[in-house]
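Observations on chain architecture
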Amino acid sequence: MLESAVSQALAPSAAPSSQRSSRLQAIAAGIGLVLLLGACFWVRGMLLRSDVANRDFVAYWTTGRLLALHQNPYDQAAIFQIEKSHGATAAHAMVMRNPPWALVMAVPLGWFDAPTAGLLWLIAIIAAGLGSLQLVRPPGLKAIPLILIFFAPVLICVETEQMSLFVLLGLALFASLEQKRPFWAGAALTLVLLKPHVLLIFLMILALDLWRGRKLRVFAGFLAGFAAANLASLALDHAVWHEYFASMRQERVQDYFYPNLANLCRLTMGGRLVWPLAIPGVIAACWALGYWWKHRNGWNWSAQLPLIAAVSVFVAPYSYPYDNVLFWPMVLAAWPRASRPARAVLVVLNLGAIAVTLHASNVGSPLYLWTAPAWMVWCVYVGWREKSAGTVQAATQLTVTSA
């Protein structure tokens, strides 16, 4: 039922293209840029804040600083010293937890002072968000409503200056290039691997699709991009992998609380065991295998990506509210088919999530636990409602024809 309902919601719909619609898209993109920039000022006034060392961005900047000096980018003592010298008030170092191949994103930041690097990073994040929005927008969505531009996870991601919008851009580039430019589609997967832990289901289905379709050019592009990112990090720090694993053992990320479905399962079983974190992922993996097998002959990443990306982040054991930007393609695909009451519900849910952002002290707050299930349930409901309406209409037409 879930599969058919969501598939119905994500089914492509034809829409004529014209020069006029292209101009409207360009205007919408410009308006979106202005609005999203305004949102950055409004949510927390980031650019007006002088405490750059107390934002999540500082983890990327200190990492870039250390790499530029060919030092250990995961050295918590050195990171903490740099952050404190720039006014950080946290009691511990803010360390970049992304794997070594993601360090190439942080290197350019180390060439600038913290405020300048922060501004450039913010511009890059917004550009990634706008680029993703244009690439994943379904054909039936002529003008993007404000509610979808101001999608709460996107605002949270911009406000916290996290990498999740780069991951979404990688997904969007892969889906749009996979048919015509397979090598570059594979290279775009390097961006996806900035946060592989939130896309385990996607990576599993991707591996099956590449193997079955013998998509060697996609695989070659992926290897080229992945190897280049790793070699760049190793060139700057030969011991980077050893240092990364040592840092992760010291961080003990498995002991943290994350406001997601996997940690909710863990809490219901006492909160001390680690294995309950895998329960949603195992269930989703079984479903995804069945879904892929059923649609394997006509598999199309442009059509199937929104669902697979949403399911992946929904069951990820290690994720934060800003990672829910991966629901954006699914919400965009469902919006044109949603009824007015359903759209009103999404507006309320979105405002509620923004209110939580303004109220919660950090992105790890339990107040965010309801947000990812809300986005998933809304999309599933839209698909189920459309499927039910289509079934009733087909039955009515059959009755009239028989009469």
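So, here is what we can say about the structure in this document. (Residues numbered from 1 in each chain as written. Predicted model: local features only at pLDDT ≥ 70, side-chain atom pairs only at ≥ 80, totals over all residues. Heavy atoms only, no water.)

1. Describing the overall build of the protein
The number of helices and strands found in the protein is 18 helices and zero strands. Residues counted as buried form 49% of the 403 residues belonging to the protein. In the protein, 77% of the contacts between residues at least 6 apart in sequence involve partners at least 24 apart. Total accessible area on the protein is roughly 18700 Å²; 67% of this is exposed by carbon and sulfur atoms. (Helix = DSSP H or I, 4+ residues; strand = E, 2+ residues; numbered from the N terminus. Buried < 20%, exposed > 50% of the residue type's maximum accessible area, 1.4 Å probe, protein only. Contact = heavy atoms within 4.5 Å. Areas by Shrake-Rupley, 256 points an atom, 1.4 Å probe, with all protein chains shown as cover.)

2. Points about the packing of helix 8 (residues 164-177) against helix 15 (residues 301-315)
In contact at an axis separation of 9 Å, helix 8 and helix 15 are set at 155° when each is read in the N-to-C sense. Considering the angle they form, helix 8 stands roughly antiparallel to helix 15. Counting all contacts with helix 8, which are made through Leu-171, Ala-172, Phe-174 and Ala-175, the residues of helix 15 involved are Trp-301, Ser-302, Leu-305 and Ala-309. For the contact of helix 8 with helix 15, the residue count by class is seven nonpolar, one polar and no charged. (Axes fitted to C-alpha atoms, helices over the stretch in contact; angles between N-to-C directions. Parallel < 35°, antiparallel > 145°, perpendicular 65-115°, else oblique. Nonpolar A, V, L, I, M, F, W, Y, C, P; charged D, E, K, R; others polar.)

3. Re the environment of Leu-141
When you line up the elements, Leu-141 lands in the loop between helix 5 (114-136) and helix 6 (146-149). For Leu-141, a relative accessible area of 6% gives the class buried. Not counting residues up to four positions away in its chain, the partners in contact with Leu-141 are Leu-148, Leu-332, Trp-335 and Pro-336.

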